[in-house]
Amino acid sequence: DEKIRYMSELIEKIFFYYKHSHSPKTLEGYKTAINKFIAVNGNIPLNQITFRSIEMFKIRISEVCSKTTANIYTRTLKSALYFAKNYGFVYENPFVGIKLFKIPEKEPLSFETEEMQLIMQTIKEPYLKRIVAFAETSGARLGEILNLQWKDIRESRNILHIGNKDDFLTKTRKERNIPLSMFSHIINEDPYKNCE
């Protein structure tokens with residue numbers, strides 16, 4: 001018999017029901033998107049969200065931030081309204097059928113050898129150089145690197161396992177293995193030793 005009417009109440013319910021299944025960062029993403037929607041359209045009832053109010057929101061966010069940010073907020077709000085529908089707070093999800101802005105595909109960011117050498121020249125601490133070289137070689141995110149443990153090295157299989165832990169989840173929740181042979185140049189010989 002739970003009832004909620006307004007957008008602001010949706011934040012509280014999402015935090016309550018998703019606190020054990022979603023990361024704090026994801027929950028904050030819901031909160032931010034809903035608050036941005038309220039800032040544009042007011043704290044309107046869930047059943048009064050219209051195609052027009054959603055389009056106005058997208059346009060306003062794209063003007064103030066970017067089309068990419070508008071797409072992120074729109075996807076998050078669509079998910080929030082699916083939550084509301086699944087829990088019986090609304091009959092239909094008004095975000096269904098809303099089209100996102102088309103964003104031209106960009107070439108993935110990567111460093112040229114000369115750029116990496118310049119970065120390594122700037123770093124003075126040897127341990128930090130190895131972390132940067134490890135990140136470049138593995139493609140691991142900073143959080144994944146900081147949460148590595150000795151048990152993640154699987155010598156019998158010659159792999160480094162990047163996975164979820166009790167107090168850490170990878171961004172995509174997916175685990176992966178990286179061949180240890182990729183890191184031999186970091187362990188045995190510093191590829192940027194001539195940079196100092």
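None of the values given here were measured: they were computed from a predicted structure. (Residues numbered from 1 in each chain as written. Predicted model: local features only at pLDDT ≥ 70, side-chain atom pairs only at ≥ 80, totals over all residues. Heavy atoms only, no water.)

Caption draft 1: Seen up close, the packing of aromatic side chains. Following the criterion strictly, the structure yields eleven aromatic pairs and no others. Measuring from centroid to centroid gives 5.0 Å for F16 and Y17, while their planes differ by 90 degrees, and the two rings are edge-to-face. When its relative accessible area of 25% is taken as the criterion, Y17 is described as partly exposed. Judged by centre distance (6.3 Å) and plane angle (45 degrees), the rings of F83 and F89 are tilted. Accessibility expressed as a relative area gives 1% for F83, which makes it buried. (Phe/Tyr/Trp six-rings, centres within 6.5 Å; stacked < 30°, edge-to-face > 60°. Buried < 20%, exposed > 50% of the residue type's maximum accessible area, 1.4 Å probe, protein only.)

Caption draft 2: Structural detail: the environment of Q48. With respect to the helices and strands, the residue Q48 is situated in the loop between α2 (24-41) and α3 (51-64). Using a relative accessible area of 46% as the deciding quantity, one classes Q48 as partly exposed. (Helix = DSSP H or I, 4+ residues; strand = E, 2+ residues; numbered from the N terminus.)

Caption draft 3: Region of the structure containing helix α6 (residues 126-138). Its 13 residues give α6 an end-to-end C-alpha distance of 18 Å, which sits within 8% of 18 Å, the value for a rise of 1.5 Å per residue. Looking one or two residues past α6, G139 carries a phi angle of roughly 75 degrees, positive in sign. (Expected span 1.5 Å × (residues − 1).)

Caption draft 4: Broad picture of the nonpolar core. Counting 29 residues, the largest nonpolar core has M7, L10, I14, I34, F37, L46 and I49 as the members making the most contacts within it. At the level of elements, α1 (7-18), α2, α3 and α4 (67-86) are the ones that each hand at least two residues to this core. Top contributing element to this core by residue count: α4, with seven residues. I49 has contacts with M7, F37, I44, I54, L81, P94 and F95, leaving out every residue within four places of it along the chain. Residues I145, I162, I178 and F183 belong to the second largest nonpolar core, which totals seven residues. (Core = buried A, V, L, I, M, F, W, Y, C linked by side-chain atoms within 4.5 Å. Contact = heavy atoms within 4.5 Å.)

Caption draft 5: Expanded view of the sheet that holds strand β1 (residues 153-154). A sheet is described by the order of its strands in space; here three strands give the open sequence β1-β2-β3, paired in antiparallel fashion. The open sheet has two edge strands with one neighbour each: β1 and β3 (176-179). Relative to strand β2 (residues 159-162), β1 runs antiparallel, the two being bridged by two bridges. The partner of I153 across the bridge, within β2, is L160. (Pairing = 2+ DSSP bridges.)

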